[in-house]
Amino acid sequence: MLDAVSQVPYSELLARHTADHRKLLQRVMLQLRDEHRKEKSALSTPERLELVKRGDDDPGLVELYFQFGRYLLIASSRSGSLPANLQGIKL
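Residues numbered from 1 in each chain as written. Predicted model: local features only at pLDDT ≥ 70, side-chain atom pairs only at ≥ 80, totals over all residues. Heavy atoms only, no water.

For the rest of this paragraph, the subject is the pattern of salt bridges. Scanning the entire structure with this criterion turns up five salt bridges. In this structure, the salt-bridge partner of Glu-12 is Arg-16, at a minimum N-O distance of 2.6 Å. Placement of both Glu-12 and Arg-16 in helix α2 (residues 10-25) is noted, with a separation of four residues, approximately one turn of the helix. The class for Arg-16 is partly exposed, based on a relative accessible area of 46%. With its nearest N and O atoms 2.9 Å apart, the salt bridge here joins Arg-37 to Glu-63. (Salt bridge = Lys/Arg side-chain N within 4 Å of Asp/Glu carboxyl O. Helix = DSSP H or I, 4+ residues; strand = E, 2+ residues; numbered from the N terminus. Buried < 20%, exposed > 50% of the residue type's maximum accessible area, 1.4 Å probe, protein only.)

Predicted confidence across the protein gives a mean pLDDT of 87, with 93% of residues reaching 70 or more. When mean pLDDT is taken per element in the protein, helix α4 (residues 45-53) scores highest with 95 and helix α3 (residues 37-41) scores lowest with 85. (pLDDT = per-residue confidence, 0-100.)

This paragraph deals with the side chain of Glu-63. Relative to the elements of secondary structure, Glu-63 occurs in helix α5 (residues 59-76). For Glu-63, a relative accessible area of 10% corresponds to the buried category. Here the side chain of Glu-63 touches Arg-37 through a polar contact of 2.9 Å, side chain to side chain. Glu-63 has contacts with Leu-30, Gln-31, Leu-32 and Arg-37, leaving out every residue within four places of it along the chain. (Polar contact = N/O pair within 3.5 Å; in protein donor to acceptor, adjacent residues only side chain to side chain. Contact = heavy atoms within 4.5 Å.)

This paragraph deals with the environment of Phe-66. Here Phe-66 lies in helix α5. Exposure remark for Phe-66: the relative accessible area of 33% places this residue in the partly exposed category. Separated by 36 residues in sequence, Phe-66 and Leu-30 have C-alpha atoms that sit 8.1 Å apart. Excluding its chain neighbours within four sequence positions, the residues that come into contact with Phe-66 are Val-28 and Leu-30.

It is the contact of α4 with α5, at a shortest axis distance of 10 Å, that shows an interaxial angle of 125°. Considering their axes alone, α4 and α5 lie oblique with respect to each other. Of the two possible hands of crossing, α4 and α5 adopt the one that is left-handed. For the pair α4 and α5, the contacting residues are Thr-45, Arg-48, Leu-49 and Val-52 in the first and Gly-60, Leu-61, Leu-64 and Tyr-65 in the second. For the contact of α4 with α5, the per-class residue count stands at five nonpolar, two polar and one charged. (Axes fitted to C-alpha atoms, helices over the stretch in contact; angles between N-to-C directions. Parallel < 35°, antiparallel > 145°, perpendicular 65-115°, else oblique. Left-handed = near helix turned anticlockwise from the far one by under 90°. Nonpolar A, V, L, I, M, F, W, Y, C, P; charged D, E, K, R; others polar.)

Okay, here's the thing in structure tokens:
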């Protein structure tokens, strides 16, 4: 499998990956009201986390983590593989 994929240009692999995930990711949209979205989105994730630890409200960061979790679940639960959470699987 690695030999086969190593023959495909990175740009094509990225395009395939994006198209495959886009179909699933576009099924759900979460948008929380955030008056300071633009200012906060200019900050790095660690900076935003630090602000939240200090008590700042950042609904956009909640959205970001929600979508990141969905991406990871999609990537790790592909057809023909075990579910990411392994619930109900007796090993």
